[in-house]
There are 2 protein chains.
Amino acid sequence: MLETHTVKPVTIAIDAMSGDRGPAVTVSAAVQAVHENKALSIILVGIQSELEALLLKSAPQGHSRIRVEEAADVVRMNDRPSFALRHRRNSSMAVAVRLVAEGKAGGCVSAGNTGALMGFGRSIIGMYPGIERPAIAKLIPSLRGRCYVLDLGANVDASAENLYQHALMGSLLASAVAGKSEPRVALLNVGEEEIKGNEQVRLASHLLAQSDTINYIGYVEGSDLFRDVADVVVCDGFVGNIALKTGEGVAGLLIELLEQAFTRSLYGRFVGLLAKPLLRKLLRLIDPSRHNGASLLGLQGVVVKSHGNANERAVLAAVRLAVREVECEVPRRINERLDEILL
Amino acid sequence: MLETHTVKPVTIAIDAMSGDRGPAVTVSAAVQAVHENKALSIILVGIQSELEALLLKSAPQGHSRIRVEEAADVVRMNDRPSFALRHRRNSSMAVAVRLVAEGKAGGCVSAGNTGALMGFGRSIIGMYPGIERPAIAKLIPSLRGRCYVLDLGANVDASAENLYQHALMGSLLASAVAGKSEPRVALLNVGEEEIKGNEQVRLASHLLAQSDTINYIGYVEGSDLFRDVADVVVCDGFVGNIALKTGEGVAGLLIELLEQAFTRSLYGRFVGLLAKPLLRKLLRLIDPSRHNGASLLGLQGVVVKSHGNANERAVLAAVRLAVREVECEVPRRINERLDEILL
């Protein structure tokens, strides 16, 4: 829930057509988002007739802070990014990104093809000068504190210099959004002393240790992601993607086992009823829909990737993330700091 | 628990001095292991006086199937493997490995420094001819089925050829131990279509697809590790180590939250008492001590790495794993099959 002190108006463009569950989910999430945040306006991008019909269902009198922008085409999940960039310029995704580039929206949200979204972001909005590659960053929930992990799959490999730049952008993101003045930045590495990391990671560590602007704390392991050891954890996109999905897999497995335990018998259902209020915190923490939304970092604008399978609550979480980044003026702040550091 | 049809005598050497918790834990796990398995003999390797004193405490009348082998030195956790190989030849770890090489033990278990253990294994026992690099393999528990994941950190990078060989060894291990005739073998990869894997993974996939001997099913993602999609999942040691530890981190976090929920209030403790029998399956599945033990694959002998922080139950699990691999004659079977395939 957004705090009531939010007064600066914010506009978010939503690629309403992408995502496995179709526009019905996006439209009702948009209605809910403007309902909970009086400073928020939303532009739903997609097939106008379809979106207006859905909007009429969700908000029969229409809504003054939601408008529809026509986009006849849709990027498919199996489109190659290069194909989408050439042939889907009138897609809901491309139009939503363009609204950000043109300043008509502060940020955008899409549940479509990640590679295409990154591609449109790079070509339409552009990247920070001096940054070689973008990264996908996500705030990982845990018991104490939360930490940004990046890259989660924008690139399948990374040079030491790429890792260094991702550490820098992650640090600036954490400063801008979480308000931490000196976020603790770490590199993800393996545990065994004798095989401490591959060459790129060791070299990146060397670069980071010499930096005046980054509060580099050294290596952390996979299990440290949930222990409030660092505010920003950097790895290449291959490792990050697999670590994230493995963690989600374990969480999913445990949710399934909990559900089994509390539904399979009458006794289980009874105890489950008693346990429900006790397990609220745990279930909130591992409910993926509450943590939906990853930041496409490196672009000169706020672009949030929502999960392809996002439900209404999950889309809402992604919209909130975009709003927060717009309110915190993440691109402007990162740009200014990069100007100071990289020049 | 071992089945009662076990009749072939098996001897396991235990590096009794390594591990964070000291020899008391190893000795009492050894006593329990011979107690539950009448065909098992154990050689405890370490400082004789210390081990015999501990043994006397655990089994006052001594035990006919446990004997102590003197080793004056111990490999330290922060010893570099190269240092250990040169200067710790009389360590409990080296002696335990030597007992396997000399045929005095069918297999050995150590909770010491992984790099040193692998080094002693390679130099004292030797590797399969034709296999370039060893791998660390572990059976990952899940709701349905279980799968071997390798490499978990023997190497921090891997060529396509290394990945192919790890897939081959993993497949032979699963055949030998789990008795599957055509284990499903997969490569761990990232989810997004457009960035399907780095170069080594794509090349390894190509090699595996052409193999007659491996039942290669393609790519799987991190979340698939727990979905009985494959019997063997192959990745490089950097990725595997981080994925495993991230998964363990999530499980640890959830256990902590469950404990909080069921201990923080009188009501919580009451409901926890009622829920305990229902949660037994879940707690068994995520209890790391029940799944302790990783196989050092590629060596011509059974060498099991136990977790440095293993408690008594965990050491027992590692010993059972070694016993199972000896009973299944894993090294002989892999050797024979490799002879057929690689020659």
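Residues numbered from 1 in each chain as written. Chains lettered and ligands numbered in written order. Predicted model: local features only at pLDDT ≥ 70, side-chain atom pairs only at ≥ 80, totals over all residues. Heavy atoms only, no water.

## So, the overall build of chain A
- A tally of helices and strands in chain A yields twelve helices and eleven strands.
- A compact globule built from 343 residues should have a C-alpha radius of gyration of about 20 Å, and chain A, at 21 Å, falls within 12% of that.
- Each principal axis of the C-alpha atoms in chain A carries an extent, and together these give about 65 × 60 × 40 Å.
- Each of the 343 residues in chain A was classed as buried or not, and the buried ones make up 60%.
- Of all intrachain contacts in chain A linking residues separated by at least 6 positions in sequence, the fraction that spans at least 24 positions is 72%.
- When the accessible surface of chain A is totalled, it reaches about 14,300 Å², and 51% of it is carbon and sulfur. (Helix = DSSP H or I, 4+ residues; strand = E, 2+ residues; numbered from the N terminus. Rg over C-alpha atoms; globule rule 2.2 N^0.38 Å. Buried < 20%, exposed > 50% of the residue type's maximum accessible area, 1.4 Å probe, protein only. Contact = heavy atoms within 4.5 Å. Areas by Shrake-Rupley, 256 points an atom, 1.4 Å probe, with all protein chains shown as cover.)

## Examining the side chain of Asp79(B)
All names here are of chain B.
- Mapped onto the elements of the fold, Asp79 is located in the loop between strand 3 (66–70) and helix 3 (81–87).
- For Asp79, a relative accessible area of 9% puts it in the buried group.
- A polar side-chain atom of Asp79 sits 2.9 Å from the main-chain amide nitrogen of Arg76.
- Among all residues touching Asp79, those that are not within four sequence positions of it are Val74, Ala84, Arg88 and Asn113. (Polar contact = N/O pair within 3.5 Å; in protein donor to acceptor, adjacent residues only side chain to side chain.)

## Examining the interface of chain B and chain A
- Taken residue by residue, the interface counts 58 residues in chain B and 57 residues in chain A.
- Of the roughly 5,200 Å² buried between chain B and chain A on both sides combined, carbon and sulfur atoms contribute 75%.
- Across the chain B-chain A interface, the total number found is four salt bridges.
- Lys245(A) serves as the salt-bridge partner of Glu221(B), at 2.6 Å between the closest nitrogen and oxygen.
- Where chain B packs against chain A, one counts ten residue pairs in polar contact (both at pLDDT 80 or more).
- Looking at the side of chain B that touches chain A, the elements with two or more residues in it are helix 5 (114–125), helix 8 (237–261), helix 9 (266–275) and helix 10 (280–286) of chain B.
- Here the element with the most residues in the side of chain B that touches chain A is helix 8 of chain B; it accounts for 19 residues. (Buried area = accessible area lost by both parts, 1.4 Å probe. Salt bridge = Lys/Arg side-chain N within 4 Å of Asp/Glu carboxyl O.)

## Focus on the relation of the copies chain B and chain A
- Taken as rigid bodies, chain B and chain A are interconverted by a rotation of 180 degrees and an axial shift of 0.0 Å, the fit giving an RMSD of 0.0 Å. The superposition operator between the copies reduces to a two-fold rotation axis.
- A high fraction, 98%, of the interface residues of chain B reappear at the interface in chain A, so the copies pair face to face through one surface. (Least-squares fit on C-alpha atoms with pLDDT ≥ 70 in both.)

## Some remarks on the domain arrangement of chain A
All names here are of chain A.
- Per the domain assignment, the segments making up chain A are domain 1 (10–129 + 298–312) and domain 2 (135–288).
- Computed over C-alpha atoms only, the centres of domain 1 and domain 2 are separated by 27 Å.
- Contact with domain 1, which involves four residues of that partner, is made by four residues of domain 2.
- Of the roughly 280 Å² buried between domain 1 and domain 2, counting both surfaces, carbon and sulfur atoms make up 79%.
- If you sort the residues of domain 1 by the area they bury against domain 2, Thr114, Met118 and Gly298 come out on top, with a joint share of 79%.
- On the surface where domain 1 and domain 2 come into contact, there are zero residue pairs in polar contact (both at pLDDT 80 or more).
- Each residue belonging to the side of domain 1 that touches domain 2 can be placed in one class, and the counts come to two nonpolar, two polar and no charged. (Domains from an automatic or database assignment. Nonpolar A, V, L, I, M, F, W, Y, C, P; charged D, E, K, R; others polar.)

## A word on the side chain of Asp236(A)
Residues and elements named next belong to chain A.
- Following the sequence through the fold, Asp236 ends up in the loop between strand 9 (232–234) and helix 8 (237–261).
- With no salt bridge to any partner, buried Asp236 finds its closest opposite charge in Arg133, at an N-O distance of 8.8 Å.
- Setting aside its immediate chain neighbours within four residues, Asp236 contacts Asp151, Asn155, Val156, Asp157, Ala158 and Leu163. (Lys, Arg positive; Asp, Glu negative; His and termini not counted.)

## Notes on the pattern of salt bridges
- Counting across every chain of the model gives 35 salt bridges over all chains.
- Put simply, Glu69(A) and Arg67(A) hold a salt bridge, and the shortest N to O gap is 2.7 Å.
- Accessibility expressed as a relative area gives 25% for Glu69(A), which makes it partly exposed.
- The exposure class of Arg67(A) is partly exposed, given its relative accessible area of 38%.
- A salt bridge links Arg133(B) to Asp157(B); its shortest N-O distance comes to 3.3 Å.

## Focus on the pairing of strand 2 (residues 40–46) of chain B
Residues and elements named next belong to chain B.
- Counting buried residues along strand 2, six of its seven residues qualify, which places the element largely inside the surrounding structure.
- For the crossover from strand 1 (residues 10–15) across helix 1 (residues 23–36) to strand 2, the handedness is right-handed.
- Alignment of strand 2 against strand 3, held across five bridges, turns out to be parallel. Each bridged residue has a counterpart across the sheet, and for Ile42 the counterpart in strand 3 is Ile66.
- The parallel pair strand 2 and strand 3, bridged by helix 2 (residues 48–58), forms a crossover whose chirality is right-handed. (Right-handed = clockwise from strand over helix to strand, strands pointing away. Pairing = 2+ DSSP bridges.)

## Thoughts on the pairing of strand 10 (residues 294–297) of chain A
Residue and element names in this part refer to chain A.
- Taking every second residue as pointing to the same face, both faces of strand 10 are buried, with Ala294 and Leu296 on one and Ser295 and Leu297 on the other.
- Judged from the two bridges that link them, strand 10 and strand 11 (residues 302–305) form a sheet pairing that is antiparallel. By the bridge assignment for strand 11, Ser295 is matched with Val304.

## Topic: the sheet that holds strand 10 of chain A
All names here are of chain A.
- Strand order in the open sheet made by the eleven strands is 3-2-1-4-11-10-5-6-9-7-8, with mixed pairing throughout. Across the chains shown, the open sheet's two edge strands, defined by having one partner strand only, are strand 3 (66–70) and strand 8 (215–220). For this sheet the average axis-to-axis angle between neighbouring strands, irrespective of direction, equals 25 degrees.
- In the sheet, strand 7 (residues 184–188) pairs with strand 9 via three bridges, with the strands oriented parallel. Counterpart to Ala186 in the pairing with strand 9 is Val233.
- Along the sheet face, helix 4 (residues 92–101) touches strand 1 (10–15), strand 2 (40–46), strand 3, strand 4 (107–110) and strand 11 and points at about 145 degrees away from the line of strand 2. (Axes fitted to C-alpha atoms, helices over the stretch in contact; angles between N-to-C directions.)

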